[in-house]
Every structure is written in C-alpha cells, then in structure tokens.
Amino acid sequence: MNILVIGSGGREHAIIKKLKESKKVSKIYAAPGNGGISKDAECVNIGACDIEKMTSFCVDNNIDFAVVAPDDPLVLGMVDALNQKGIKTFGPNKAAATLEGSKVFSKDLMKKYGIPTAEYEVFDNPENAIAYLKTKNSYPIVIKADGLALGKGVIIAESFDEAESAVISIMKDKQFGESGNNIVIEEFLTGPEVSVLSFTDGKTIIPMVSSMDHKRALDNDKGLNTGGMGTVAPNPHYTPEVAKVCMDTIFLPTVEAMNKEGRKFKGCIFFGLMITPKGPKVIEYNCRFGDPETQVVLPLLESDLLEIFEAVYNETLSECEVKFSENKSAACVVVASGGYPLSYEKGKVINGLDENGQSDKAIVYHAGTKFEDNQFKTNGGRVLGLTNVADTLQEALDKSYEAVHSISFDKMHYRKDIGKRALNK
Ligand code: AMP
Ligand code: GLY
C-alpha cells in the first residue's frame, strides 16, 4: 500500500518508523516531513494544513491510506476532504476533532455525560470573566483559551493580577486570535499526570501503554510550558486499578458521548489525565497522538500499526490484535534549541548522527531538522527525540542520556531529569 503521513515532527517520524515494519506497506510519503524523516519516507513539500494540495496529491499518487497526525489539519477537516475523494484515513473527522478543537465543547460534553473533570465556568466576554474571578477569589486558578493555541492556551494563575492579565491578553488583546473568543476558567487540580493514548473506531476503545510527559522547559518542572521535553512509558501512576476506573468512568463514556452527539470518533483519543485524591479526572482531550508520547508508546507496540489503522477505519477494531510489550520500558529525551519555547536560532549543524540521521545509541526521532549540504541542521524548537527501550526504565533512561551526550549542536538544551519522578514513585 502507498501511505501518506501528514505532519513534520517527532511524532510523525515515530509513526513512519513503525509503519515501515508492516509487511503491507510498499511506499511511505510524508507531507511535509523533515530532515530525518526524508531518510525513511519520501518528503513532499505540502503544508500539513493545505487541504486542496493534499487531496490532489493523494489522488495523483494513488495513496491508499493517509494518516493525519497533527491537530490543526484534523480540526480543519482534512479527513473529511480526503474521505470525499475516496482516500482512507486514520484520524477523526472535523465534527469529532472538536473534542480537542474546542475546550468549551469538551468541558460541556464531560459535564453532560458525567465524565470526571475539573469544575469550570465558560465566558464570552472579559468583564464577566473578571467579575467571576473576583467572587471566586481562590488561587491557583486555571484559564484556558477555547480553541487551539499551539499548546500555549493554558494559564495557571497564582493571583488575581495574573488571572486578570491572562483574561485580558486572551480575550481583549487576542493573543491566540479567534481561539480566545471564549475561555474556560476552571478549578486547579492536583496529583500526578498520566497520558493515555487510545485507538477507537467509535465502537471499541483500546488504550495503549500509558506514558508520562515532562511539559516544562527546565529541570524540576520549572520554566515555561513546552510541547513536551521527554517521556517515559509505562507511567507507574497508572496502576491496573486506576486503569479500570478510567475505562469505566472516562474512556467508554467518552466514546459513547461522542456517538450520542452524532460525532463518532475514529482515530486516536489522547486522554490527559490527573490522578487526583478524588480519583482520575480529565485535564484535556486531544484528538491525535501525543508528541513526544508517541516516541515512547509506539516503540513498545508489537502489533502491525497499519492493520490497526485499517481496522479503525473499517470499524473492525474489536477483531484486531493490539499488543504492547508487557515487560519493557521506554524513555525519550528531547534535545531542543536553546531559547525554546520562546525565540531560538535555526540552521545549526547537528553532530553525532550517521548518514541516515540515526545513532547506534538510540532510535533518533527527528522533529525540527532539515537535511542540507549533506548535513543535518536544526530547523525548529524541539530538534530530536532520543528513545531507548530496555528491560527497566532506569536502563532505558541511562541509554537515552548516553545518546544525548553523543549529540551536539550550538546552544543545545535538554532536561537532565526526565523520568526522575517515575523512578521515585
Ligand atoms: P494542556 O495544554 O491542556 O495540556 O495543559 C497544560 C498543562 O496545564 C497540563 O499538562 C497540566 O499540567 C496543567 N493543567 C491544565 N489544567 C489544569 C487543572 N485544571 N489543574 C491543574 N493543572 C492543570
Ligand atoms: N505532549 C503533549 C501533547 O502532545 O499535546
């Protein structure tokens, strides 16, 4: 089969590497891909959100199956457009992608169907939001822009002043554009966070191995929120007991709720969970694989990924084998450009990779890289994800850090404490 993977990050590289293991795959294209992906797939210079060019490309090149990996093309309706042209896809249609595309929608869905989440109120004008903050007067409090905001739309305010300025910058100054027309103000929850990605065809839901992200830029969870600086899998906080509660109170009810709303979800639902003292609650839904969660989850998948994708499309997931390694752990350490998630330089030569952009010390998932003048160069904030699978988490982490120490580029930055919280559990 001819496959197209839409997107250009480490997540897409991990999907491509796993798809390459499938016997059914004859050719993989990536749009737009990146420097490292170009060694595993043919990169096509089409932007991930360019629906018109993407559908024409698929028709002209006999694409049998397209995987839409990032949130923005999903929310824009890329899947609907591809399906209209007869192209099979992995990923939710536009109506179902609203689960991530609108926080107001997802919070109202959870309230309506009794799915545990933080208490909240929705506001469509800043004056009412600020008046509410004054009556509530309890901190920290969490302020979320309704729409997509490149992972930056969540502000945890420690005081009234911080909360007020967040409301003003989102709603009045339009920091995130139209995404800030509405906001959610919600209760601050505490407890360990767990990422659970799942396959669902709208009838069956199969959770993947759990994982733990490290969102802040600096060690000890300091600094700004990023897309994710490293991950480990499985997540030790996600015990079999917690998993059962999540299945009964969150996963199945979510699939059912989406069906009842006429928004059947087919693809990957990513549950961002917090294990609070009152039990697991949903912090957020994503309508896609996580990045860098995918870089630790898919290396532990033992089944054929393309067969799973096809089963999701055909709504036959209940008949499909989805097996993850039961006694291995995976660790991914992200190396980033100095300054990320704010401003950073690009075009730095990356040392320590072989001619395929790989290393004998790790699986190297490329994120922000380009291949130019026969060299791999930095081309984004998160540059590489270095993953190892081993019998223990400690071993996987040690190997990934050894790999990190063999890579270098000007102003390279990484966290030195990935997995520490998981090891100390
Ligand atoms: P998100 O962009 O929705 O993933 O949120 C970013 C991060 O903000 C999450 O990973 C949590 O650490 C934190 N967060 C979001 N909502 C809450 C909440 N209600 N209580 C505590 N922390 C939260
Ligand atoms: N790593 C978090 C996300 O993909 O949204």
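Residues numbered from 1 in each chain as written. Chains lettered and ligands numbered in written order. Predicted model: local features only at pLDDT ≥ 70, side-chain atom pairs only at ≥ 80, totals over all residues. Heavy atoms only, no water.

## A few points about the overall build of the protein
Secondary structure summary: the protein contains 13 helices and 23 strands in total. The C-alpha radius of gyration of the protein comes to 21 Å, within 12% of the 22 Å expected for a compact globule of 425 residues. With respect to the principal axes defined by its C-alpha atoms, the protein has extents near 60 × 45 × 45 Å. When the 425 residues of the protein are sorted by exposure, 56% land in the buried category. Intrachain contacts of the protein at a sequence separation of at least 6 include 68% that bridge at least 24 residues. By element, 47% of the accessible surface of the protein is carried by carbon and sulfur atoms, the whole surface being about 17,400 Å². Distance between charge centres in the protein, computed from 49 positive and 58 negative side chains, equals 1 Å. (Helix = DSSP H or I, 4+ residues; strand = E, 2+ residues; numbered from the N terminus. Rg over C-alpha atoms; globule rule 2.2 N^0.38 Å. Buried < 20%, exposed > 50% of the residue type's maximum accessible area, 1.4 Å probe, protein only. Contact = heavy atoms within 4.5 Å. Areas by Shrake-Rupley, 256 points an atom, 1.4 Å probe, with all protein chains shown as cover. Lys, Arg positive; Asp, Glu negative; His and termini not counted. Charge placed at Lys NZ, Arg CZ, Asp CG, Glu CD.)

## Details of helix 6 (residues 103-113)
Listing the buried residues of helix 6 in full gives Lys103, Val104, Phe105, Ser106, Lys107, Leu109 and Met110. Structurally, the start of helix 6 carries an N-cap: the backbone nitrogen of Val104 is 3.4 Å from a side-chain oxygen of Ser102. After helix 6 finishes, the residue Gly114 shows a positive phi value of roughly 65 degrees. (Polar contact = N/O pair within 3.5 Å; in protein donor to acceptor, adjacent residues only side chain to side chain.)

## Remarks on helix 5 (residues 94-101)
Of the residues making up helix 5, those classed as buried are Ala96, Ala97, Leu99, Glu100 and Gly101. Buried residues in helix 5 make contact with helix 3 (71-76), helix 6, helix 9 (240-260), strand 16 (267-276) and strand 17 (279-286).

## Brief notes about the packing of helix 5 against helix 6
At a minimum axis separation of 6 Å, helix 5 and helix 6 run at an interaxial angle of 90 degrees. One finds that helix 5 runs roughly perpendicular with respect to helix 6. Where helix 5 abuts helix 6, its residues Thr98, Leu99 and Gly101 lie against Lys103, Phe105, Ser106 and Leu109. Split into classes, the residues belonging to the contact of helix 5 with helix 6 amount to three nonpolar, three polar and one charged. (Axes fitted to C-alpha atoms, helices over the stretch in contact; angles between N-to-C directions. Parallel < 35°, antiparallel > 145°, perpendicular 65-115°, else oblique. Nonpolar A, V, L, I, M, F, W, Y, C, P; charged D, E, K, R; others polar.)

## Let's talk about the pattern of salt bridges
Applying the stated rule across the entire model yields 32 salt bridges. The residue Lys24 makes a salt bridge to Glu310 at a minimum N-O spacing of 2.6 Å. Here the residue Lys24 occupies a position in the loop between helix 1 (10-19) and strand 2 (27-32), and Glu310 occupies one in helix 11 (residues 305-314), the gap between them amounting to 286 residues. Take Glu310: its relative accessible area is 14%, and that puts it in the buried class. (Salt bridge = Lys/Arg side-chain N within 4 Å of Asp/Glu carboxyl O.)

## Some remarks on the side chain of Glu12
Within the secondary structure, Glu12 is located in helix 1. Glu12 gets classed as buried once you look at its relative accessible area, which sits at 2%. Setting aside residues no more than four positions away along its own chain, Glu12 makes contact with Val5, Ile6, Gly7, Ile37, Ala69 and Pro70.

## Brief notes about the site of ligand 1
Neighbouring ligand 1 are 14 residues; Glu186, Glu187, Leu189, Glu193 and Glu284 lie closest to it. A distance of 2.8 Å is found between a nitrogen atom of ligand 1 and a backbone nitrogen or oxygen belonging to Leu189. At a separation of 3.1 Å, an oxygen atom of ligand 1 approaches a polar side-chain atom of Lys215. Burial of ligand 1 by the protein amounts to 91% of the accessible area it has alone, namely 480 Å². The residue makeup of the shell around ligand 1, split by class, is eight nonpolar, no polar and six charged. (Near = heavy atom within 4 Å.)

## Here's the deal with the packing of helix 6 against helix 9
Put simply, helix 6 and helix 9 touch, their axes get as near as 10 Å, and they point 105 degrees apart. Taken together, the axis directions place helix 6 and helix 9 in an arrangement best described as roughly perpendicular. In this structure, helix 6 uses Phe105, Leu109 and Tyr113 to contact helix 9, whose residues at the interface are Ala257, Met258 and Lys260. Residues of the contact of helix 6 with helix 9, tallied by class, amount to five nonpolar, no polar and one charged.

## A few points about the sheet that holds strand 11 (residues 205-207)
Taken together, four strands build an open sheet; the order of strands is 11-10-16-17 and the sheet is antiparallel. Across the chains shown, the open sheet's two edge strands, defined by having one partner strand only, are strand 11 and strand 17. Sheet twist, expressed as the average angle between the axes of neighbouring strands with direction ignored, equals 35 degrees. Pairing analysis gives three bridges linking strand 10 (residues 193-200) to strand 11, with the strands arranged antiparallel. Residue pairing in the sheet places Ser198 in a bridge with Pro207 of strand 11. Sheet contacts for helix 9: strand 10, strand 11, strand 16 and strand 17; angle to strand 16, the most-contacted strand, approximately 135 degrees. (Pairing = 2+ DSSP bridges.)

## A look at the sheet that holds strand 7 (residues 141-145)
Strand order in the open sheet formed by four strands is 6-9-7-8, and the pairing between neighbours is antiparallel. Edge positions in the sheet fall to strand 6 (120-123) and strand 8 (154-157), since each has one partner strand and no second. For this sheet, the mean angle separating the axes of adjacent strands, direction not counted, is 20 degrees. For strand 6 and strand 9 (residues 183-187), the ladder comprises four bridges, and the chain directions are antiparallel. Among the inter-strand pairings, Val122 is bridged to a residue of strand 9, identified as Val184. Across the face of the sheet, helix 8 (residues 160-172) comes into contact with strand 6, strand 7, strand 8 and strand 9 while running at roughly 5 degrees to strand 7.

## Some remarks on a nonpolar patch on the surface
A grouping of Val154, Ile156 and Phe188 is seen on the molecular surface, where their side chains present a nonpolar patch of about 210 Å² in accessible area. Take Val154: it is sitting in strand 8. Judged by relative accessible area, Val154 falls into the partly exposed class, the value being 33%. (Patch = residues over 30% accessible without salt bridge, like charges linked within 9 Å, V, L, I, M, F, W, Y side chains within 5 Å.)

## Quick notes on the site of ligand 2
Within the structure, ligand 2 sits among Asp213, Gly227, Phe270, Asn286, Arg288, Gly290, Asp291, Pro292 and Glu293. Arg288 places a polar side-chain atom, nitrogen or oxygen, 2.9 Å from an oxygen atom of ligand 2. Across the complex, the protein chains shield 88% of the 200 Å² of accessible surface that ligand 2 would expose by itself. Taken together, the residues of the shell around ligand 2 break down into two nonpolar, three polar and four charged.

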